[in-house]
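Spelled out from the first residue to the last, the chains are:
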Amino acid sequence: QVQLVESGGGLVQAGGSLGLSCAVSGRTRSWYGMGWFRQAPGKEREFVAAIRWDGGRIFYADSAKGRFTISGDDGKSTGHLQMNSLKPEDTAVYYCAVAVSGYGENSRDYDYWGQGTQVTVSS
């Protein structure tokens, strides 16, 4: 099976930065795209960013534009989400996911998910 493991979460003060990583392993590596989602206490899981490996097309949620950067390596083994100018409202569990045939803002586009990493931004 395909496994995803997020890392890089932690506690940071408002205005600071964190870089998240998503390591992908398993027999199947021919996935089409990677997405990042987050879920804060009392809120539904929401889309953050996505990247399509074919051409590197990138999508960002409005809340992430200008502050977050999504990227991936050429071997499709590791994805990254660089988060700058963090705000307390960015506090959430962040999840990475991969899609074998699609991409986008809908979580149902994705086939495999990590277990998440906690990001806490203090005031």
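This section reports on the structure supplied with the text. (Residues numbered from 1 in each chain as written. Predicted model: local features only at pLDDT ≥ 70, side-chain atom pairs only at ≥ 80, totals over all residues. Heavy atoms only, no water.)

**Things to note about the pattern of salt bridges**
So, step 1. Applying the stated criterion across every chain, the model contains 4 salt bridges.
So, step 2. Taking the shortest distance from any N to any O, the salt bridge between glutamate 46 and arginine 38 comes out at 2.7 Å.
So, step 3. Glutamate 46 sits in the partly exposed class, given a relative accessible area of 33%.
So, step 4. On the accessibility criterion, arginine 38 (5% relative accessible area) is buried. (Salt bridge = Lys/Arg side-chain N within 4 Å of Asp/Glu carboxyl O. Buried < 20%, exposed > 50% of the residue type's maximum accessible area, 1.4 Å probe, protein only.)

**Description of the state of the cysteines**
So, step 1. Counted according to the given criterion, the structure contains 1 disulfide.
So, step 2. Bridging cysteine 22 to cysteine 96, the disulfide has an S-S length of 2.0 Å. Measuring the twist about the S-S bond at about 65°, one finds the cysteine 22-cysteine 96 disulfide to be right-handed. Pair noted here: cysteine 22 is in strand 3 (residues 18-25) and cysteine 96 is in strand 9 (residues 92-99), with a separation of 74 residues, a long-range link. The two residues cysteine 22 and cysteine 96 agree in class, both being buried. (Disulfide = S-S within 2.5 Å. Helix = DSSP H or I, 4+ residues; strand = E, 2+ residues; numbered from the N terminus.)

**Some remarks on the side chain of arginine 38**
So, step 1. Position of arginine 38 among the secondary structure elements: in strand 4 (residues 33-39).
So, step 2. Polar side-chain contacts of arginine 38 include one of 2.7 Å to the side chain of glutamate 46.
So, step 3. Here the side chain of arginine 38 touches aspartate 90 through a polar contact of 2.9 Å, side chain to side chain.
So, step 4. The contact partners of arginine 38, leaving out residues within four places of it in the chain, are Glu44, Arg45, Glu46, Val48, Ser63, Phe68, Glu89, Asp90, Ala92, Val93 and Tyr94. (Polar contact = N/O pair within 3.5 Å; in protein donor to acceptor, adjacent residues only side chain to side chain. Contact = heavy atoms within 4.5 Å.)

**Notes on unusual backbone geometry**
So, step 1. In this structure, serine 85 is a non-glycine residue whose phi angle is positive, near 50°.
So, step 2. Secondary-structure assignment places serine 85 in the loop between strand 8 (78-83) and strand 9.

**A word on the sheet that holds strand 7 (residues 68-72)**
So, step 1. The 4 strands lie next to each other as 1-3-8-7, forming an open sheet whose pairing is antiparallel. Pairing within the sheet leaves two strands with one partner each, and these edge strands are strand 1 (3-7) and strand 7. Here the average twist between neighbouring strands, direction ignored, is 15°.
So, step 2. Where strand 3 lies against strand 8, 6 bridges are found, and the strand directions are antiparallel. Following the sheet pairing, leucine 18 is matched in strand 8 by methionine 83. (Pairing = 2+ DSSP bridges. Axes fitted to C-alpha atoms, helices over the stretch in contact; angles between N-to-C directions.)

**Considering the packing of aromatic side chains**
The geometry of an aromatic ring pair comes down to the distance between the two centres and the angle between the two planes.
So, step 1. Summed over all chains, the structure comprises 4 aromatic pairs.
So, step 2. Ring centres of phenylalanine 37 and tyrosine 110 lie 5.4 Å apart, and the angle between their planes is 80°; on these two criteria the pair is classed as edge-to-face. Separated by 73 residues along the polypeptide, phenylalanine 37 in strand 4 and tyrosine 110 in the loop between strand 9 and strand 10 (112-113) bring together distant segments of the chain.
So, step 3. Taking relative accessible area as the criterion, phenylalanine 37 reaches 2% and is therefore assigned buried. (Phe/Tyr/Trp six-rings, centres within 6.5 Å; stacked < 30°, edge-to-face > 60°.)

**As for the environment of valine 48**
So, step 1. Along the chain, valine 48 falls in strand 5 (residues 46-52).
So, step 2. By relative accessible area, which is 2% here, valine 48 ends up buried.
So, step 3. Valine 48 sits 50 residues away from valine 98 along the chain, and the two C-alpha atoms are 14 Å apart.
So, step 4. The residues contacting valine 48, other than those within four sequence positions of it, are Trp36, Phe37, Arg38, Phe59, Tyr60, Ala61, Ala64, Phe68, Leu81 and Tyr94.

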